[in-house]
Amino acid sequence: MSTYLLLLVIALMIINVFVYDNVKKSYISEKEASFLTQANILTTRALLAVEESNSELNHLLLNQMMEEMSRLINGRILVIDSSKTIIYDSYNDMRSMYLEDEQVSRALKGESSTMLYHQTKHGKTMYVAVPMIYFDKILGVVFLSVSLEEVYSRILNVRDFLILISVVTLMLITFISIFLANVISEPIKNLTAAMQSTALGKLNQRVEIGGNDEIGQLARAYNYMSTKLSQIDQQRSDFVANVSHELKTPLSSMKLLAESILLQPDTEKGIYREFLMDIDSEIDRLNEIIESLLAMVDLSEENLNLNFELTYVNYLVEKVVGVIRPLAEKKDIRILVNQWEKIQIYLDQGKVHQALINIIYNAVKYTDVGGRVIITITREGKYAVIKIMDNGIGIAAESLPYIFERFYRVDSARSRKTGGTGLGLSISKQIITLHQGIIDVESQLNVGTTFYIKLPMDNAPHS
Ligand SMILES: Nc1ncnc2c1ncn2[C@@H]1O[C@H](COP(=O)(O)OP(=O)(O)OP(=O)(O)O)[C@@H](O)[C@H]1O
Ligand SMILES: [Mg+2]
């Protein structure tokens, strides 16, 4: 604001000086012009008196006119002949005196002139000298001396008026800018306060700032960020709660199994063995959970460092099927791979391999004995599409939106039997999303499920 006001003061000063200077110049040149005109009018009258110096009437008329004019312009009028002798003086006390003056000399050479002097006695005074020319002969000079004090006092009035206007303007603008500065800085202050308390841990802060200006937009961006932050925070604590819960379940069943062995020292060897096997499988489960968790952390830390390699999607799928086929055969499930063309794209082999394992293994896991899984590899526009279709148990429509969430499992009782953490699809989705790809699902309960993995054809090695 102070910069702004300083600029304003400078601008006002420049304008004032300029206006003042121009007003002054125009007042004075106007006066100059009018005195020159009047002096010229006088010369014609004075000529008659000089020419026919014995004409009493002409002298009388000249006298009369000079007096009138003198009163009119409020100044002294001298008529000087060619020998620089004053032949007429409207104040009468210099008559017949000899006047040596530069302007008079110049006028006698035919040049009109005006000069401005500052006299201690009369203040600002203008001198005007005009030659009296009669048929190319210079017969004398009409010399005016007029006080410009009145003009100057008018000019000073103008200056005072300008100063007054400037001061009033400045005051008005100061008030307006103080007001505006407040209007602008108020929302910024609110935002700052909100941000400070966000920094202190109050995540779901909102600021109420309307308007569509930059500050309104900033406020909306802040509110959006705030909401996101608290969502992320919520997800984080949900995640921690879920993880703890998931880790606790196998731990408590292990504890239960161990305790029952401890409480009955003379248990049969066969039951011992059975309990230990149960404990062993719970340990496997724990391992599985922890591995999935590690995979997830890995993904979120390395998310910008995908190791892109030019890869045939076909071979990658076949490799995964090779891994899963033995498991499928145990359940008498056939896996068919349909492919018509080789599709080569840039992808992170390790990560996409992991995603495919999760999804193809799901297809086998959630399909009953004797079923089939059909995998189709095609190109659709900008995407290489891997379609994984099973004729398994399917997913109910109300569960479908949640299957990509961490730890979500459709039917916990049934899933417990099959084993799993509920992290597989969430990890797969992250991987595909990191590749700028899309993962989609269609399913019908007791009919089957189809997953679509769409990977962009134009991923660059470094993105
Ligand atoms: N092909 C499928 N057919 C039917 N249900 C499925 C299929 N794929 C996934 N689901 C359902 O979605 C849930 C989530 O799958 P996800 O792979 O994330 O977890 P999971 O298989 O239970 O455990 P894991 O972390 O070991 O993969 C599964 O529990 C299952 O209920
Ligand atoms: Mg799974």
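Refer to the structure printed above.
Residues numbered from 1 in each chain as written. Chains lettered and ligands numbered in written order. Predicted model: local features only at pLDDT ≥ 70, side-chain atom pairs only at ≥ 80, totals over all residues. Heavy atoms only, no water.

Visitor: Before we go on, may I ask you to explain the sheet that holds strand β2 (residues 86–89) in this structure?
Guide: Strands pair in a sheet through their backbones, by hydrogen bonds, and they do so in one of two ways: parallel or antiparallel. The strand order across the open sheet built from five strands is β2-β1-β5-β4-β3, with neighbouring strands paired in antiparallel fashion. Since the sheet does not close on itself, it has two edges, and those belong to β2 and β3 (113–119), each with one partner. Neighbour-to-neighbour, the strand axes of the sheet open up by a mean angle of 20°, direction not taken into account. With seven bridges connecting them, β3 and strand β4 (residues 123–134) associate as antiparallel partners. By the bridge assignment for β4, L116 is matched with M126. Packing against the sheet, helix α2 (residues 56–73) makes contact with β1 (75–81), β2 and β5 (137–147), and its axis sits at approximately 140° to β1. (Pairing = 2+ DSSP bridges. Helix = DSSP H or I, 4+ residues; strand = E, 2+ residues; numbered from the N terminus. Axes fitted to C-alpha atoms, helices over the stretch in contact; angles between N-to-C directions. Contact = heavy atoms within 4.5 Å.)

Visitor: When you look at the pairing of strand β10 (residues 383–390) in this model, what are you seeing that I'm missing?
Guide: Sheet topology note: the strand β9 (residues 372–380)/β10 ladder contains eight bridges and is antiparallel. Within β10, the position partnered with T376 by the bridge is K387. Between β9 and β10, which pair antiparallel one after the other, the connecting turn spans two residues, and G381 there sits at a positive phi close to 60°. Pairing analysis gives eight bridges linking β10 to strand β12 (residues 448–456), with the strands arranged antiparallel. Residue pairing in the sheet places V385 in a bridge with K454 of β12.

Visitor: Mind showing me how you'd approach the environment of N40 here?
Guide: Tracing the backbone shows N40 in helix α1 (residues 2–51). Owing to a relative accessible area of 38%, N40 belongs among the partly exposed residues under this scheme. In this structure the C-alpha to C-alpha distance between N40 and V130, which are 90 residues apart in sequence, comes to 6.6 Å. (Buried < 20%, exposed > 50% of the residue type's maximum accessible area, 1.4 Å probe, protein only.)

Visitor: What exactly am I supposed to notice about a negative patch on the surface here?
Guide: The grouping of D280, D284, E288 and E291 at the surface amounts to a negative patch. Its relative accessible area of 55% is what places E291 among the exposed residues. (Patch = residues over 30% accessible without salt bridge, like charges linked within 9 Å, V, L, I, M, F, W, Y side chains within 5 Å. Areas by Shrake-Rupley, 256 points an atom, 1.4 Å probe, with all protein chains shown as cover. Salt bridge = Lys/Arg side-chain N within 4 Å of Asp/Glu carboxyl O. Lys, Arg positive; Asp, Glu negative; His and termini not counted. Charge placed at Lys NZ, Arg CZ, Asp CG, Glu CD.)

Visitor: What is the right way to read the nonpolar core from this model?
Guide: Nonpolar side chains in soluble globular proteins tend to end up buried together. Grouped together as the largest cluster of nonpolar side chains are 47 residues, with contacts concentrated most on L356, I375, I388 and I453. Mapping this core onto the domain boundaries places at least three of its residues in each of domain 2 (203–301) and domain 3 (305–456). The next biggest cluster of nonpolar side chains, apart from the first, holds 26 residues, and it includes A46, I73, Y88 and M126. (Core = buried A, V, L, I, M, F, W, Y, C linked by side-chain atoms within 4.5 Å. Domains from an automatic or database assignment.)

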